[in-house]
Amino acid sequence: MLLIAVAAGCAAADDPVNAQVGSCLQALGKGGKTVRDDFRIVACSTPEAAYKVIKKGDRCEDVTNGYVQVGSRRTRIQLCLVLNAKEGDCFHQEIGFPTGKVSKVTCGPSATYRITKVSDGTADASVCGEGVPSWTRTPDELPHAIVYRHPALTLCADGL
């Protein structure tokens, strides 16, 4: 009996309910895009770490932030997410933005977009160039600016 409890405890370590601000998540893409079964905690340095938790609370203020619902019906909270990206990272967007299945990939034919600039502390599409639109839903054309207001962060993305 004790062995089963220990094994279950180890298996739950990657459950998003255990995520904290700064934790990174992998999107598993099982169908939904805001339920905890579609995500797991991974080390931020791994290629699977597509998202980073920037807030854990009642709700996410920014529509650009993806979120994951965790907890029980009585204690439901949201994990507010941003892309875990640095300049030069490439992503494959498989299911809707901002919280669908996205994976870090090697830059090349499998990539949907590449991050060309990261402007931490700035929530302004103009840092990506004159006339570059802000991307809030679906990547219909590139380049785009992915603008997060809380916390202020702008990611510039282009096609390959």
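For the structure, check the block above.
Summary of the structure given here. Given the structure is predicted, the values throughout are model-derived calculations rather than measurements. (Residues numbered from 1 in each chain as written. Predicted model: local features only at pLDDT ≥ 70, side-chain atom pairs only at ≥ 80, totals over all residues. Heavy atoms only, no water.)

1. Considering the overall build of the protein
Then comes step 1: When helices and strands are counted, the protein shows one helix and 10 strands.
Then comes step 2: Mapped from its N terminus to its C terminus, the protein presents α and β elements in the order α-β-β-β-β-β-β-β-β-β-β.
Then comes step 3: Considering only contacts within the protein whose residues lie at least 6 apart along the sequence, 55% involve residues at least 24 apart. (Helix = DSSP H or I, 4+ residues; strand = E, 2+ residues; numbered from the N terminus. Contact = heavy atoms within 4.5 Å.)

2. Some remarks on the packing of aromatic side chains
Then comes step 1: Across all of its chains, the model carries two aromatic pairs by this definition.
Then comes step 2: Residues Phe-39 and Tyr-51 carry aromatic rings whose centres are separated by 6.1 Å and whose planes lie at 70° to one another, so their mutual orientation is edge-to-face. Of the two residues, Phe-39 is situated in strand E2 (residues 39-42) and Tyr-51 in strand E3 (residues 51-57); the sequence distance between them amounts to 12 residues. Taken individually, Phe-39 and Tyr-51 each receive the classification buried, so the pair is uniform in this respect.
Then comes step 3: Each ring, one from Phe-91 and one from Tyr-113, has its centre 5.7 Å from the other, and the planes form 25°; the classification is stacked. Highlighted residues: Phe-91 in strand E6 (residues 90-93) and Tyr-113 in strand E8 (residues 113-120), separated in sequence by 22 residues. (Phe/Tyr/Trp six-rings, centres within 6.5 Å; stacked < 30°, edge-to-face > 60°. Buried < 20%, exposed > 50% of the residue type's maximum accessible area, 1.4 Å probe, protein only.)

3. Describing the sheet that holds strand E1 (residues 24-27)
Sheets are built from strands that pair by backbone hydrogen bonding, the pairs being arranged parallel or antiparallel.
Then comes step 1: Pairing is antiparallel in the open sheet, where five strands are placed in the order E2-E1-E3-E5-E4. Across the chains shown, the open sheet's two edge strands, defined by having one partner strand only, are E2 and strand E4 (66-70). For this sheet the average axis-to-axis angle between neighbouring strands, irrespective of direction, equals 40°.
Then comes step 2: Two strands pair when backbone bridges link them, and E4 and strand E5 (residues 77-83) are joined in this way by five bridges, in the antiparallel orientation. The residue bridging Val-68 from the neighbouring strand is Leu-79, located in E5. (Pairing = 2+ DSSP bridges. Axes fitted to C-alpha atoms, helices over the stretch in contact; angles between N-to-C directions.)

4. Let's talk about the nonpolar core
Then comes step 1: Counting 24 residues, the largest nonpolar core has Leu-25, Tyr-51 and Leu-83 as its most contacted members.
Then comes step 2: Going through the elements one at a time, E1, E2, E3, E4, E5, E8, strand E9 (144-148) and strand E10 (153-158) are the ones with two or more residues in this core.
Then comes step 3: With four residues, E5 is the single largest residue contributor to this core. (Core = buried A, V, L, I, M, F, W, Y, C linked by side-chain atoms within 4.5 Å.)

5. Remarks on the sheet that holds E6
Then comes step 1: Taken together, five strands build an open sheet; the order of strands is E7-E6-E8-E10-E9 and the sheet is antiparallel. Edge strands, defined here as strands with exactly one partner in the open sheet, are strand E7 (102-105) and E9. Put simply, the sheet's adjacent strands are angled 35° from each other on average, direction ignored.
Then comes step 2: Across five bridges, the pairing between E9 and E10 is antiparallel. Bridge pairing in E10 links Ala-145 to Cys-156.

6. Structural notes on the pattern of salt bridges
Then comes step 1: On inspection of all chains with the given rule, the structure shows three salt bridges.
Then comes step 2: In this structure, Asp-89 and Lys-86 form a salt bridge, with 3.2 Å as the shortest nitrogen-oxygen distance.
Then comes step 3: Residue Lys-86 is classed as exposed on the basis of its relative accessible area of 53%.
Then comes step 4: Among the ionic pairs, Asp-158 bridges to Arg-114, the shortest N-O distance being 3.1 Å. Here Asp-158 is found in strand E10, whereas its partner Arg-114 is found in strand E8, with 44 residues between them in sequence.
Then comes step 5: You can call Asp-158 buried: its relative accessible area is 19%.
Then comes step 6: Overall, Arg-114 belongs to the partly exposed group, its relative accessible area being 29%.
Then comes step 7: The structure contains a network of salt bridges with shared partners spanning Lys-86, Asp-89 and Lys-104. (Salt bridge = Lys/Arg side-chain N within 4 Å of Asp/Glu carboxyl O.)

Just geometry here; none of it tells us what the structure is for.
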